[in-house]
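# Fold and geometry: a report
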Amino acid sequence: MDVDADVDAVADELYGLVPGRFTAARDERAARARKAGQVQAARAIAGLRRPTRAAFASNLLVRRRPKEVAAFLELGEALRQAHRSLDGTQLKDLSHQRHVVVAALARTARQLAEEQGQAVSESVAHEVEQTLHAALAHPEAAEQWSSGRLTTALTPPVGFTGLPDTAPVRPQPAVTRADAPAKPKPSRKAEQRRARHEQARRTAEETGVEATAREAERREAEQEQRDHEQALAEADARVAEVERQLREAQTGQVEARRALAEATGRVRDAARAAGAARRKADAAADRLAELPGAEE
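Keep in mind the model is a prediction, meaning the values are calculated, not measured. (Residues numbered from 1 in each chain as written. Predicted model: local features only at pLDDT ≥ 70, side-chain atom pairs only at ≥ 80, totals over all residues. Heavy atoms only, no water.)

Further remarks concern the overall build of the chain. Helices and strands together make up the secondary structure of the chain, namely 9 helices and 0 strands. Reading the secondary structure of the chain in the N-to-C direction produces α-α-α-α-α-α-α-α-α. Per-residue burial over the chain gives 26% buried out of 296 residues. Within the chain, counting contacts between residues at least 6 apart in sequence, those at least 24 apart form 71% of the total. Working note: accessible area of the chain is about 20,200 Å², and carbon and sulfur atoms make up 54% of it. (Helix = DSSP H or I, 4+ residues; strand = E, 2+ residues; numbered from the N terminus. Buried < 20%, exposed > 50% of the residue type's maximum accessible area, 1.4 Å probe, protein only. Contact = heavy atoms within 4.5 Å. Areas by Shrake-Rupley, 256 points an atom, 1.4 Å probe, with all protein chains shown as cover.)

Our next topic: the nonpolar core. For soluble globular proteins, nonpolar side chains are generally found buried alongside one another. Leu61, Phe72, Val128, Leu132, Leu136, Trp145 and Leu154 are the most contacted members of the largest nonpolar core, which totals 34 residues. For this core, the elements supplying multiple residues, two or more each, are helix 4 (53-64), helix 5 (66-85), helix 6 (88-115), helix 7 (122-137) and helix 8 (139-146). Setting aside chain neighbours within four positions, we find Phe72 in contact with Val101, Val102, Leu105, Leu132, Ala135, Leu136 and Trp145. Ala11, Tyr15, Ala30 and Leu48 belong to the second-largest nonpolar core, a separate cluster that totals 14 residues. (Core = buried A, V, L, I, M, F, W, Y, C linked by side-chain atoms within 4.5 Å.)

A separate point is the packing of helix 5 against helix 8. Between helix 5 and helix 8, the least distance of the axes is 11 Å, while the angle of their chain directions is 175°. It follows from the interaxial angle that helix 5 and helix 8 lie roughly antiparallel. Across the interface between the two elements, Val69, Phe72, Leu73 and Arg80 from helix 5 touch Pro139, Ala142, Trp145 and Ser146 from helix 8. Broken down by class, the residue content of the contact of helix 5 with helix 8 amounts to 6 nonpolar, 1 polar and 1 charged. (Axes fitted to C-alpha atoms, helices over the stretch in contact; angles between N-to-C directions. Parallel < 35°, antiparallel > 145°, perpendicular 65-115°, else oblique. Nonpolar A, V, L, I, M, F, W, Y, C, P; charged D, E, K, R; others polar.)

This next bit is on the packing of helix 7 against helix 8. Where helix 7 contacts helix 8, the two axes come as close as 5 Å, and the packing angle between them is 130°. As far as their axial angle goes, helix 8 and helix 7 are oblique. For the pair helix 7 and helix 8, contact is made by Thr131, Leu132, Ala134, Ala135 and Ala137 and by Pro139, Ala141, Ala142 and Trp145, respectively. Of the residues assigned to the contact of helix 7 with helix 8, the class counts are 8 nonpolar, 1 polar and no charged.

What follows is about the side chain of Arg80. Tracing the backbone shows Arg80 in helix 5. Accessibility expressed as a relative area gives 11% for Arg80, which makes it buried. Among the polar contacts made by the side chain of Arg80, one reaches the side chain of Glu77 at a distance of 3.3 Å. In terms of polar contacts, Arg80 uses its side chain to reach the backbone carbonyl oxygen of Leu136, at 2.9 Å. The contacts of Arg80, once residues within four sequence positions are left out, are Ala135, Leu136, Ala137, His138 and Pro139. (Polar contact = N/O pair within 3.5 Å; in protein donor to acceptor, adjacent residues only side chain to side chain.)

We now examine the confidence of the model for the chain. When pLDDT is averaged along the chain, the result is 80; 75% of the residues meet or exceed 70. Helix 4 holds the highest mean pLDDT among the elements of the chain, 96, whereas helix 9 (residues 188-290) holds the lowest, 78. When the criterion is pLDDT under 50, residues 161-181 qualifies, and its contacts beyond four places in sequence or with other chains add up to 19 contacts. (pLDDT = per-residue confidence, 0-100.)

In this section: the pattern of salt bridges. Scanning the entire structure with this criterion turns up 13 salt bridges. The partner of Glu28 in a salt bridge is Arg29, with the nearest N and O atoms 2.4 Å apart. Residue class for Glu28 comes out partly exposed when judged on its relative accessible area of 34%. (Salt bridge = Lys/Arg side-chain N within 4 Å of Asp/Glu carboxyl O.)

With that settled, consider helix 8. Among the residues of helix 8, Ala141, Ala142 and Trp145 are the ones counted as buried. Angularly, the buried residues of helix 8 cover 100° about the axis, an arc narrow enough to put them on a single face. In helix 8, the exposed positions that point more than 90 degrees away from the buried face belong to Glu140 and Glu143. Next to the buried residues of helix 8 lie helix 4, helix 5 and helix 7. Directly beyond the C-terminal end of helix 8, a positive phi value near 75° is found at Gly148. (Arc of directions from axis to C-beta.)

Time to look at the packing of aromatic side chains. Under the defined criterion, the tally for this structure stands at 2 aromatic pairs. Look at Phe72 and Trp145: their rings are 5.2 Å apart centre to centre, the planes differ by 65°, and that puts the pair in the edge-to-face class. Taken as a pair, Phe72 in helix 5 and Trp145 in helix 8 lie far apart in primary sequence, 73 residues in all. Each member of the pair Phe72 and Trp145 is classed as buried. (Phe/Tyr/Trp six-rings, centres within 6.5 Å; stacked < 30°, edge-to-face > 60°.)

Rendered as structure tokens:
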């Protein structure tokens, strides 16, 4: 049995569900795998994280618009190639195309999510756009996005615009070794400072990405809390209505029992009165038959 294939199939199914159904479906699939003795698969399935609204909208776009996704991935590769070659003209053309395509795909993702009953706020829509920008900037981000299984929004590199930080540099005339000024060898302290600076920059980027992801999760949790509060209020209202109807039914039941008892008493009294009247009638008939001349 290919456990990875089983988990892959379950994950593909789960990330096609709206976020509100994800957790229950995931737990059910994990329990089913555990019951079947697939302990490793059950553990892997249970570890799948519920997608945020932005991640769900991004996943839905990938699943519902494969042609647009393929063209978008090609655009990302072209942008990265233009960056590597420092082709300024191509970068400007592709950058304009990038803005148009990202805006169009973000609108499509928002529409698809809303068709599934998932409201998309402006902040969520912004996260979808950021995810698309990240997919353009990095092949790894593009691979994550195109899998259709994101759990949270992606974040593009700091300062990513689709254009190089400076204009492309043209090659300068070659300088002979004799003419070239001697480059001073960087001191050990300078190298250490650069290393610390680079480490600090990477840490800042990583923590920034982590902070953005946690912020997205916080907003998602708050939205989920509001949804549950509304559902609870609606359930409380339905319970109150059912309790009111139950009280009315119980009152009606008591009244019906009292009316039945009264009617039963009247029937009993009427039966007794009818029996007494019948006995009197029979006695009167007997006396009449005993009178002289009754048979003449």
